[in-house]
Amino acid sequence: MDCPDCGNDRTHVLDTEPSADGTSIRRRRECRDCGFRFTTYERPEWESLQVRKRDGVIEPFDREKLRVGIERAVEKRPVDEEAVTEIVEAIHDDLADREGRIVASTQIGDLVSEHLRDRDTVAYLRFVSVYEAFSDPAEFRRELDAVLDAEADPPDDTDT
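Note that the coordinates shown come from a computational prediction; the quantities given were computed from them, not determined experimentally.

S.K.: Explanation requested: the sheet that holds strand β4 (residues 50-52) in the structure shown.
M.R.: Paired through backbone hydrogen bonds, the strands of a sheet run either parallel or antiparallel to each other. Pairing is mixed in the open sheet, where three strands are placed in the order β5-β4-β6. Edge positions in the open sheet fall to β5 (58-60) and β6 (102-104), since each of these has one partner strand only. Direction aside, the axes of adjacent strands within the sheet are offset by 35° on average. Looking at chain direction, β4 and β6 are connected through three bridges and run parallel. Bridge pairing links Q50 to I102 in β6.

S.K.: Please clarify how the state of the cysteines should be interpreted in this entry.
M.R.: Should the sulfur atoms of two cysteines be covalently bonded, the bond is a disulfide. Considering all chains together, one arrives at zero disulfides under this definition. Left unpaired, C31 is separated from the closest cysteine sulfur, that of C6, by 3.6 Å.

S.K.: Help me understand the pairing of strand β2 (residues 25-31) in this model?
M.R.: Along a regular strand, successive side chains alternate from one face of the sheet to the other. Sheet analysis places strand β1 (residues 11-18) next to β2, joined by seven bridges and oriented antiparallel. If you follow V13 over to β2, its bridge partner there is R29. Summarising the sheet, β2 and strand β3 (residues 37-42) pair through six bridges and their orientation is antiparallel. Considered in β3, the bridge of R29 is made with F38. Taken together, β2 and the strand that follows it, β3, pair antiparallel across an intervening segment of five residues, in which G35 is found at a positive phi of about 80°.

S.K.: What should I look at first to understand the sheet that holds β1 in this one?
M.R.: The three strands lie next to each other as β1-β2-β3, forming an open sheet whose pairing is antiparallel. With one partner strand each, in any of the chains shown, β1 and β3 form the two edges of the open sheet. Taking the axes of each pair of neighbouring strands and ignoring which way they run, one obtains an average angle of 25° across the sheet.

S.K.: Even after reading the chapter, I still don't get the nonpolar core, so can you show me in this structure?
M.R.: In globular proteins that are soluble, nonpolar side chains generally tend to be buried together. Counting 26 residues, the largest nonpolar core has L66, I70, I91, L95, I108, V112 and L116 as its most contacted members. Among the secondary structure elements, those contributing two or more residues to this core are α1 (63-74), α2 (81-96), α3 (105-119) and α4 (121-131). In contact with I70, other than residues within four places in its own chain, are V84, I87, V88, I91, V112 and L116.

S.K.: How do you make sense of a negative patch on the surface when you look at a structure like this?
M.R.: Taken together, D110, E114, D118 and E132 make up a surface patch of like negative charges. With respect to the helices, strands and loops of the structure, E132 is situated in the loop between α4 and α5 (137-152). Since its relative accessible area comes to 44%, E132 is described here as partly exposed.

Definitions and limits used
- Residues numbered from 1 in each chain as written.
- Predicted model: local features only at pLDDT ≥ 70, side-chain atom pairs only at ≥ 80, totals over all residues.
- Heavy atoms only, no water.
- Pairing = 2+ DSSP bridges.
- Helix = DSSP H or I, 4+ residues; strand = E, 2+ residues; numbered from the N terminus.
- Axes fitted to C-alpha atoms, helices over the stretch in contact; angles between N-to-C directions.
- Disulfide = S-S within 2.5 Å.
- Core = buried A, V, L, I, M, F, W, Y, C linked by side-chain atoms within 4.5 Å.
- Buried < 20%, exposed > 50% of the residue type's maximum accessible area, 1.4 Å probe, protein only.
- Contact = heavy atoms within 4.5 Å.
- Patch = residues over 30% accessible without salt bridge, like charges linked within 9 Å, V, L, I, M, F, W, Y side chains within 5 Å.
- Areas by Shrake-Rupley, 256 points an atom, 1.4 Å probe, with all protein chains shown as cover.
- Salt bridge = Lys/Arg side-chain N within 4 Å of Asp/Glu carboxyl O.
- Lys, Arg positive; Asp, Glu negative; His and termini not counted.
- Charge placed at Lys NZ, Arg CZ, Asp CG, Glu CD.

Rendered as structure tokens:
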């Protein structure tokens, strides 16, 4: 770190502590040449979205991984490649518009579920059965019943 007073690159850290909100590190530094003291702040900065997995691991957002998951759900369904691309782009745009750069994998799964529910209910059921990790047929049946009930009673969009 260069000294802002004399420009010398020989500075050392006197004190380090996390910020009050825990999102950055505050460092007090001193120039070894002129003795000028100054403060710097360090915080993580990512060029792209990061995904926090259920086990806490953080990894870069991967559009291709998202696409593969969606393609697996829509396999042999009347959902074309263009529709899959639209879903991937819509999800990415929604995540990019959020405040933080780290998103939970559950948020992504919820968004995929919403898009597939609107596009193709069979693809939606395929996706949620894996995403929700149904462990018994009764769980799958409850979700299927909810989908069938929603299709039987579509929302009334007419104004009276």
